[in-house]
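If you want the building blocks of each chain, they are given just below.
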Amino acid sequence: MSARVYEAINDQVNNELSASHSYLAMSGVCEELNFPGAAHWFRVQSEEERAHALRLFDFVHARNHVVSLRKIQNETTRATALVEVFRASLAQEEQVSQQIDALYDLAMQEKDFAAVVEMQWFVTEQVEEEKSARDIIAKLEMAGNDARALLEIDRELGARAGMPGGAGPRGGPPAAR
Ligand SMILES: [Fe+2]
Ligand SMILES: [Fe+2]
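Residues numbered from 1 in each chain as written. Chains lettered and ligands numbered in written order. Predicted model: local features only at pLDDT ≥ 70, side-chain atom pairs only at ≥ 80, totals over all residues. Heavy atoms only, no water.

A tally of regular secondary structure across the protein chain gives five helices and zero strands. Reading the protein chain from its N terminus to its C terminus gives the helix and strand order α-α-α-α-α. By the compact-globule yardstick of 16 Å for 177 residues, the protein chain fits well, its C-alpha radius of gyration being 17 Å. Each of the three principal axes of the protein chain carries a C-alpha extent, and together these read 55 × 30 × 25 Å. Within the span of the protein chain, comprising 177 residues, buried residues form 43% of the whole. The contacts in the protein chain between residues at least 6 apart in sequence include a share of 78% that link residues at least 24 apart. For the protein chain, the accessible area works out to roughly 9,500 Å², and carbon and sulfur atoms hold 54% of it. The distance from the centre of the 18 positive side-chain charges to the centre of the 28 negative ones in the protein chain is 3 Å. (Helix = DSSP H or I, 4+ residues; strand = E, 2+ residues; numbered from the N terminus. Rg over C-alpha atoms; globule rule 2.2 N^0.38 Å. Buried < 20%, exposed > 50% of the residue type's maximum accessible area, 1.4 Å probe, protein only. Contact = heavy atoms within 4.5 Å. Areas by Shrake-Rupley, 256 points an atom, 1.4 Å probe, with all protein chains shown as cover. Lys, Arg positive; Asp, Glu negative; His and termini not counted. Charge placed at Lys NZ, Arg CZ, Asp CG, Glu CD.)

With that settled, consider the coordination of the iron ion (ligand 1). Surrounding the iron ion (ligand 1) are the protein donor atoms E16 (OE), E49 (OE) and H52 (ND1), which sit 2.1 Å from the metal. In the primary structure, the donors to the iron ion (ligand 1) are separated according to the pattern E-x32-E-x2-H. The metal-metal distance between the iron ion (ligand 1) and the iron ion (ligand 2) comes to 3.4 Å, with E49 coordinating both. Here E49 lies in helix α2 (residues 36–62) and E16 lies in helix α1 (residues 3–32), a separation of 33 residues in the sequence. Judged on exposure class, the residue E16 and its partner E49 are both buried. (Donors = N, O, S within 2.8 Å, 3.2 Å for Na, K, Ca; no water.)

Below is the structure:
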């Protein structure tokens, strides 16, 4: 693996961990807004980002390099409406998609075909990530300030299956709500 590809993938391990941290902060904001289903959804999302980081962590080590972890920035996500939290999450995913595209491009330039194949998974994943955020935003925009509709969406978000082995909210089992 070339030095440039290594540096870029190492950055992405850190970016995925930072996304995980940011989603956990969003989960906290949802708790504060009294949407336990959305809080659960973001907690699962946080675990998913950590799994992305670990996937790349393993890839780096499999290719005989060592990951260098950095400090993660504090998150100060504030929102007064659920839709704002999901808009912040979409903005974050769009940023990650750009990071992944740049990484894919670099891997091609460097003719690092193993990295190209590894990044293909991430390119596909980003399409899904952006779509799910947009779908939820669309529902929340339709619901507007209708409390019953918002509570119904929150119930649906709460039904998201957790990551295997991931702890559910307040120490409960994954996908228990
Ligand atoms: Fe990710
Ligand atoms: Fe993501």
